[in-house]
Amino acid sequence: QVQLVESGGGLVQGGGSLRLSCAASGLTFSMYAMGWFRQAPGKEREFVGTISGSGRSTEYTDSVKGRATISRDNAEKTVYLQMNRLKPEDTAVYYCAARRGWSSSRADEYNYWGQGTQVTVSA
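Bear in mind the structure is a predicted one, so any value in this text is a computation, not a measurement.

Conventions and cut-offs
Residues numbered from 1 in each chain as written. Predicted model: local features only at pLDDT ≥ 70, side-chain atom pairs only at ≥ 80, totals over all residues. Heavy atoms only, no water. Salt bridge = Lys/Arg side-chain N within 4 Å of Asp/Glu carboxyl O. Helix = DSSP H or I, 4+ residues; strand = E, 2+ residues; numbered from the N terminus. Buried < 20%, exposed > 50% of the residue type's maximum accessible area, 1.4 Å probe, protein only. Pairing = 2+ DSSP bridges. Core = buried A, V, L, I, M, F, W, Y, C linked by side-chain atoms within 4.5 Å. Contact = heavy atoms within 4.5 Å. Polar contact = N/O pair within 3.5 Å; in protein donor to acceptor, adjacent residues only side chain to side chain.

Undergrad: Explanation requested: the pattern of salt bridges in the structure shown.
TA: Any two side chains of opposite charge can pair, on the condition that their charged atoms come close. By the definition in use, this model includes seven salt bridges. Here Glu109 and Arg99 are joined by a salt bridge, their closest N and O atoms 3.6 Å apart. On the criterion of sequence distance, the pair formed by Glu109 in the loop between strand S9 (92-100) and strand S10 (112-113) and Arg99 in strand S9 is long-range, its members being ten residues apart. Each of Arg38, Glu46, Arg67 and Asp90 takes part in a single network of salt bridges with overlapping partners.

Undergrad: Quick question: what am I supposed to make of the pairing of strand S7 (residues 68-73) here?
TA: In summary, the side chains of a regular strand alternate between the two faces of the sheet. Residues of S7 alternate between two faces, with Ala68, Ile70 and Arg72 buried on one and Thr69, Ser71 and Asp73 left unburied on the opposite face. Following S7, the chain reverses through four residues before pairing antiparallel with strand S8 (residues 78-83); Lys77 in that reversal takes a positive phi of roughly 55 degrees.

Undergrad: In this structure, what is going on with the nonpolar core? I would like to understand it.
TA: The nonpolar side chains of a soluble globular protein tend to be buried with one another. Grouped together as the largest cluster of nonpolar side chains are 28 residues, with contacts concentrated most on Met34, Trp36, Val79, Leu81 and Tyr94. Put simply, the parts of the chain that give this core at least two residues each are strand S3 (18-25), strand S4 (32-39), strand S5 (46-51), S7, S8, S9 and strand S11 (117-122). The contact partners of Val79, leaving out residues within four places of it in the chain, are Leu20, Ser21, Cys22, Phe29, Met34, Trp36, Ile51, Ile70, Ser71 and Arg72.

Undergrad: Explain the environment of Thr120 to me, please; I cannot follow it from the model alone.
TA: Tracing the backbone through its elements, the reader meets Thr120 in strand S11. A relative accessible area of 29% means that Thr120 is categorised as partly exposed. Separated by 106 residues in the primary sequence, Thr120 and Gly14 place their C-alpha atoms 9.3 Å from one another. Those residues in contact with Thr120 that sit more than four places away from it in its chain are Gly10, Leu11, Val12 and Thr91. At 3.3 Å, the side chain of Thr120 forms a polar contact with the side chain of Gln118.

Listed below in structure tokens is the structure:
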């Protein structure tokens, strides 16, 4: 049974930083690209970034480029999202997702999802 469990969310002041973690189990982790998505109240889920199974390739949406870094530890089966210079518009529930094979920015191409972790950025 595949499980993805996010942690690290919380309330942070604008300009601050957070590191989200996503611990995976029940899958051959290195064979899965991992993505981070977020959903703000009243909005559709949106792509934040993704990392390849090897960790050598990353991709980010424009709104977080230069502020976000995705990394992974395949030995620990964990993927991370470091967010710096946070803005109130970054407030959302953040989800990690796993996709067998190549990275993708499309949510419908991911096979497994975590339950999400809330990130709230105050002005």
